[in-house]
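An overview of the molecular structure
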There are 2 protein chains.
Amino acid sequence: MMTDRRLLEMAQGKRPVETVFRGAEVLNVFTGEWRREDVAVASGVIVGVGRYTGEEEVDCRGKALVPGFIDAHLHVESSMLTPAALAAEVLPSGTTALIADPHEIANVCGLAGLRYMLDAAYALPLSLFVMLPSCVPATRWEQGGAVLGADALSSLRDAPQVLGLGEVMDFPAVCTGERGILEKLEAFAGRMIDGHAPMLSSGGLQAYRLAGIETDHECSDGEEALEKLRAGFAILVREGSAAHNLHTILSAVRAAGLGTERLAFCTDDKHIEDIRRDGHIRHNIRLAIEMGFPAADAYRMASWNPARLYNLQGYGAIGPGYRADLVLLDDREAVAVHAVYTGGVCRWKAGEPIPCVKGSPIPAALRDTVHVRPAAGRPLGVECLALPVPKGGVLPVIELIPGQINTRRSDQKVPQRDGYFSAGGDFLKAAVLERHHATGRIGLGVVRGLGLRGTAASTVAHDSHNLIVLGDRDEDMLLAVRELERCGGGYTLVRDGRVLATLPLPVAGLMTDRPAHPAVRPFPGAGRSRRA
Amino acid sequence: MMTDRRLLEMAQGKRPVETVFRGAEVLNVFTGEWRREDVAVASGVIVGVGRYTGEEEVDCRGKALVPGFIDAHLHVESSMLTPAALAAEVLPSGTTALIADPHEIANVCGLAGLRYMLDAAYALPLSLFVMLPSCVPATRWEQGGAVLGADALSSLRDAPQVLGLGEVMDFPAVCTGERGILEKLEAFAGRMIDGHAPMLSSGGLQAYRLAGIETDHECSDGEEALEKLRAGFAILVREGSAAHNLHTILSAVRAAGLGTERLAFCTDDKHIEDIRRDGHIRHNIRLAIEMGFPAADAYRMASWNPARLYNLQGYGAIGPGYRADLVLLDDREAVAVHAVYTGGVCRWKAGEPIPCVKGSPIPAALRDTVHVRPAAGRPLGVECLALPVPKGGVLPVIELIPGQINTRRSDQKVPQRDGYFSAGGDFLKAAVLERHHATGRIGLGVVRGLGLRGTAASTVAHDSHNLIVLGDRDEDMLLAVRELERCGGGYTLVRDGRVLATLPLPVAGLMTDRPAHPAVRPFPGAGRSRRA
């Protein structure tokens, strides 16, 4: 396509192009300049930047034009939406490419889950790239849905959308040189390999980098970010729903007087309500500009930097030969999105509702993933949830720490009846039911500090995604399990023998098969200037 | 190798490494900082940067340590040395990797020439990468030694040392979309493609970039460099023997307030006497520092920038997982080289003579490339050099312009005898004898302004490398041709029936098969501080 004679003539102004974006302040990511130019587009590609005429002309005077935003690392499943439904949500705030690690669906459905994500990529109005999940299973302490070794991953390595190996979370195994993970690293030598190593430092960090890991998105501390940059990692600056690392990382980088070339934005896990409120990668850009970073650098962290890091040819710039993935802005400092184009086609304009994106078919295997019946064939009864208390009445308790995602173990005297734990006070029973292979395995424990009355259950339970139930009555817990079995997974709330509410997530027990509820205005500030 | 458990243990300080470079100011190319660190090396690779102990320790206190220098674009043949002999010349000034376009030898020997260069790469103490020449033949006006179409080039595309397609000099053919060149561009889509487009601008430049060209090394004008940067080209900043573009380009980049991330150093064509006087890429670095660029940026243009541009994994940085290609400096501002390491092995130390590098065998076909006998089998006689002068006595004359490499055509009255041109005054006869296929083709003309008395001949005649002779007596010209036939090509000087001097270049008529004459001190400043 690049060597199409017709396009070469258009680039030279010898024939009109299809679409001209006329007179915007165009971000030149190569130099960091804003320059008033025309951008000429044909066949989905930018054929030239300069002075052009076209069959269609988009008047961009008074506006800014930047390359589409790239999320350098996310889990689509965290949105609880299919790729198509998520695409619809993120496009209006300017995201035009996603680099996804389908770690969650792979831990439930294995290769079938990965193939679904790869197939889904083809029909989308944005680009979906895949990093193959390196940690399936995610842990050896829990039964997951699948095991993907180096051979299984290699079978998909050369698929067109695959960029490399997804976040290598098991950094202790890397450092000690465990065979399974080293085989995966070798299978992807020369390809991109993402990291995930919270607080790893010194020799361990050097070893992790030596093993071929190229990125990290787990920096929650400024010094940590600087050490990782210095060790040669590119840092994915995460601003998600739970993890907010942007301010910490960018503050440290600025204080050390470093450039932003080795930084790229990501969300990792971001929920729909947050995307609707703040936009997607747009939010990272806006925060960086609010911190005082030059807008050009902020936009480059959302386009050129991730595109170069992941070697996405034809992505991340407004220049000849690059894809016409473009964001037209009413106000570049406020990241006020006016319109979003991918492959030269307008996908959303200010004032429009969230676009309708048709998804690819969902294979039957992905809809049948909740199997909690015991292997012996006995029906699941409340007796399966009975948790005996030893003499002395003390059990290990999972204690929640307010405002933290970490928990703490403490051995405490727990309430009991007839030698069995009985929820009460602030103590709840926790049960994790293996739900992939109907092994009948059930883990039981005690949780304190949640403040819940009633029962909550979910098949979204990182990272093995078994069925987890927390409750104050065994009967309600059993009912919650049956409810999730019935609807193919999701979230449910039960009290006093009644299902209060259920969010069905029938795709792998992780994602809904429906679009998110449409909203007229996707996020505040979309399509209008914050200065206006 | 990266996932070798022994190396992972070394990185964590759990076992001593092979070599520790202790206490240098180490350039961190990722952040642009100079930090006092130990660099730990084993199996030719940097396993960690921090605090280490090793079996061997190199005391680097008071010195600086930087990544080995990369020449982003050169023609080995321009040194008239084989790759091994050139490696010996460039190592002492810190060059540890060459990205070569064997355009010259390919225009003489075709695939055999390319295979020789690729084979030569294996045995060298530095890294030799190859960009496959895109313009063989270089022109349609002259008979070259070979024709390499897209298919022929594709046959070598996946060789380990091949990075992509060499400088696409025929930019008019790209812009008009000629089939032959588009086929080559398509064959290398997704790989690196070098450009060569002096003074190309506006729509033509946009089209050239659209066609997939990634670099340019022909900027002789500041505005030209800025326009090319803005169009998305990376600029190879050339400082060679004939072309001196560094000051122009860097001045323009600085005046425009741009960064240096998209710049990489190259020499293109650099002769041995210049390398011995100034060093190789070292000279580019020194000039940039003298202009006031931060030393970190100057060294990055010689290491990290070209390594990233050409996607040379494991090159261009001092960090875990990178090759131990290191330059130890007595003075980083003066680029005073103390020692040079590749793969962790010391290749040269201050005070040593130029190292001895054993070359790979030279195939017989490359030694038999001068064939000027006419196809009809008649011996070459002076009558072949007779140049008739038409009525009126006027011939087109190639006129030299003092201080320029360009020439000018002018139609002038020329000296003659018996209706034939007769050299005299400032007029010389020029003959180009097809020397590849013994077609007997001879081009004759008149040159003015050279100031030569006698005859000079060469088989180095860009870019088709036929045998070119300039002289004032046909008999001497014939003798010069026979002398070059005898020695397999090179340069020769003849006067009054005597060969005055000959430089034999028996490898393709372009390169000597011997090392350059050894010198005790490779270049001034090597191994000593300019400040001292």
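This text follows the structure it describes.
Report follows, based on the coordinates. (Residues numbered from 1 in each chain as written. Chains lettered and ligands numbered in written order. Predicted model: local features only at pLDDT ≥ 70, side-chain atom pairs only at ≥ 80, totals over all residues. Heavy atoms only, no water.)

What follows is about the packing of helix H9 (residues 222-230) of chain A against helix H10 (residues 246-255) of chain A. Residue and element names in this part refer to chain A. Here H9 crosses H10 at 65°, and the two axes come no closer than 8 Å. Judged by the twist between their axes, the crossing of H9 over H10 is right-handed. Listed contacts from H10 to Gly-222, Ala-225, Leu-226 and Leu-229 of H9 are Thr-248, Ile-249, Ala-252 and Val-253. Looking at the contact of H9 with H10 residue by residue, the class counts come to six nonpolar, two polar and no charged. (Axes fitted to C-alpha atoms, helices over the stretch in contact; angles between N-to-C directions. Helix = DSSP H or I, 4+ residues; strand = E, 2+ residues; numbered from the N terminus. Left-handed = near helix turned anticlockwise from the far one by under 90°. Contact = heavy atoms within 4.5 Å. Nonpolar A, V, L, I, M, F, W, Y, C, P; charged D, E, K, R; others polar.)

Of note, the bond from Val136(A) into Pro137(A) is cis; its omega dihedral lies within 30 degrees of zero at 5°. Examined against the element boundaries, Pro137(A) turns out to sit in the loop between strand S8 (127-132) and helix H5 (150-154). Look at Met80(B): it is not a glycine, yet its phi comes out positive at around 60°. Residue position: Met80(B) is located in the loop between strand S6 (69-74) and helix H2 (83-90). A relative accessible area of 22% means that Met80(B) is categorised as partly exposed. With a phi angle near 50°, Asp496(B) is a residue other than glycine that sits in the positive phi range. With respect to the helices and strands, Asp496(B) occurs in the loop between strand S25 (490-495) and strand S26 (498-504). (Buried < 20%, exposed > 50% of the residue type's maximum accessible area, 1.4 Å probe, protein only.)

Bringing the interface of chain A and chain B into the picture now. Contacts between the two partners involve 48 residues from chain A and, on the opposite side, 48 residues from chain B. Between chain A and chain B lies a buried interface of about 4,000 Å² when both sides are counted; carbon and sulfur atoms form 54% of it. The interface formed by chain A and chain B includes two salt bridges. Put simply, Glu33(B) and Arg230(A) hold a salt bridge, and the shortest N to O gap is 2.8 Å. If you look at where chain A meets chain B, you find 14 residue pairs in polar contact (both at pLDDT 80 or more). Elements that contribute at least two residues to the side of chain A that touches chain B include exactly helix H1 (5-11), strand S2 (33-42), strand S3 (45-50), helix H6 (171-176), helix H7 (179-187), helix H8 (202-210) and H9 of chain A. For the side of chain A that touches chain B, the element with the highest residue contribution is H8(A), accounting for six residues. (Buried area = accessible area lost by both parts, 1.4 Å probe. Salt bridge = Lys/Arg side-chain N within 4 Å of Asp/Glu carboxyl O. Polar contact = N/O pair within 3.5 Å; in protein donor to acceptor, adjacent residues only side chain to side chain.)

A few words on the relation of the copies chain A and chain B. The transform that puts chain A on chain B rotates by 180° and translates by 0.0 Å along the axis, for an RMSD of 0.1 Å. A rotation of that kind, with that shift, is consistent with a two-fold axis. Here 100% of the contact residues of chain A are again contact residues in chain B; the copies associate through an equivalent surface. (Least-squares fit on C-alpha atoms with pLDDT ≥ 70 in both.)

Another aspect to go through is H8(A). Counting buried residues in H8(A) gives eight out of nine residues, a clear majority hidden from the surface. Three or more residues of H8(A) are buried, namely Gly203(A), Gly204(A), Leu205(A), Gln206(A), Ala207(A), Tyr208(A), Arg209(A) and Leu210(A). Of the surrounding secondary structure, the elements contacted by the buried residues of H8(A) are strand S9 (162-168), H6, strand S10 (192-195) and H9 of chain A together with helix H1 (5-11) and strand S3 (45-50) of chain B. Backbone geometry just downstream of H8(A) places Gly212(A) in the positive-phi region, at approximately 110°.

All names here are of chain A. Burial along S10 is two-sided: the residues Met-192 and Asp-194 and Ile-193 and Gly-195 are all buried. Pairing of S9 with S10, which is carried by three bridges, proceeds in the parallel orientation. Counterpart to Val-168 in the pairing with S10 is Gly-195. (Pairing = 2+ DSSP bridges.)

So, on to the pairing of strand S23 (residues 455-458) of chain A. Working note: regular strand, side chains alternate between the two faces of the sheet. Residues and elements named next belong to chain A. As paired elements, S23 and strand S25 (residues 490-495) share four bridges and run antiparallel to each other. Looking at S25, one finds that Ala-456 is bridged to Leu-493. Of the pairings in the sheet, the one linking S23 to strand S24 (residues 467-471) comprises three bridges and is antiparallel in character. Bridged to Ser-458 within S24 is Ile-468.

Counting residues in each nonpolar core, the largest one holds 139 residues, and the members touching the most others are Ile285(B) and Tyr299(B). Other than its neighbours up to four places away in sequence, Tyr299(B) contacts Leu27(B), Trp34(B), Val66(B), Phe69(B), Ile285(B), Ile289(B), Leu329(B), Arg332(B) and Val335(B). Grouped together as the second largest cluster of nonpolar side chains are 138 residues, Leu65(A), Phe69(A), Leu226(A) and Met291(A) included. (Core = buried A, V, L, I, M, F, W, Y, C linked by side-chain atoms within 4.5 Å.)

Right, let's talk about the pattern of salt bridges for a bit. Residue and element names in this part refer to chain A. Within this structure, the stated rule accounts for 58 salt bridges over all chains. Between Arg-35 and Glu-37 there is a salt bridge, and its shortest N-O distance comes to 3.3 Å. Look at Glu-37 and you get buried, because its relative accessible area is 15%. A salt bridge links Arg-286 to Glu-290; its shortest N-O distance comes to 2.6 Å. Placement of the pair is Arg-286 and Glu-290 together in helix H12 (residues 281-290), with a separation of four residues, close to one helical turn. Through salt bridges with shared partners, a single network forms among Arg-22, Asp-38, Arg-51 and Glu-57.

The next thing to look at is the sheet that holds strand S13 (residues 263-266) of chain A. The pairing of strands in a sheet happens through backbone hydrogen bonds and is either parallel or antiparallel. All names here are of chain A. The three strands lie next to each other as S11-S12-S13, forming an open sheet whose pairing is parallel. Across the chains shown, the open sheet's two edge strands, defined by having one partner strand only, are strand S11 (215-216) and S13. Bridge analysis of S11 against strand S12 (residues 234-238) gives two bridges, and the strand direction is parallel. Counted as the bridge partner of Thr-215 is Ala-234 from S12. This element, H10, spans S12 and S13 of the sheet and lies at about 135° to S12.

The subject of this paragraph is the sheet that holds strand S13 (residues 263-266) of chain B. All names here are of chain B. Pairing in this open sheet of three strands is parallel, and the strands run S11-S12-S13 from one edge to the other. Each of the sheet's edge strands pairs with one partner strand only, and the pair in question is strand S11 (215-216) and S13. Judged from the four bridges that link them, strand S12 (residues 234-238) and S13 form a sheet pairing that is parallel. Each bridged residue has a counterpart across the sheet, and for Val-237 the counterpart in S13 is Phe-265. This element, helix H12 (residues 281-290), spans S12 and S13 of the sheet and lies at about 130° to S13.

Residues and elements named next belong to chain A. Mapping Asn-284 onto the fold places it in helix H12. One polar contact links the side chain of Asn-284 to the main-chain carbonyl oxygen of Val-237, over a distance of 3.3 Å. Beyond its immediate chain neighbours, meaning those up to four positions away, Asn-284 contacts Val-237, Arg-238, Glu-239, Leu-246, Phe-265, Cys-266 and Thr-267.

All names here are of chain B. For helix H4 (residues 111-122), with 12 residues, the first-to-last C-alpha span of 17 Å sits near the 16 Å given by 1.5 Å per residue. Residues of H4 that are buried: Gly-113, Leu-114, Tyr-116, Met-117, Leu-118, Ala-120 and Ala-121. Against the buried residues of H4 lie H2, helix H3 (103-109), strand S8 (127-132) and strand S9 (162-168). (Expected span 1.5 Å × (residues − 1).)

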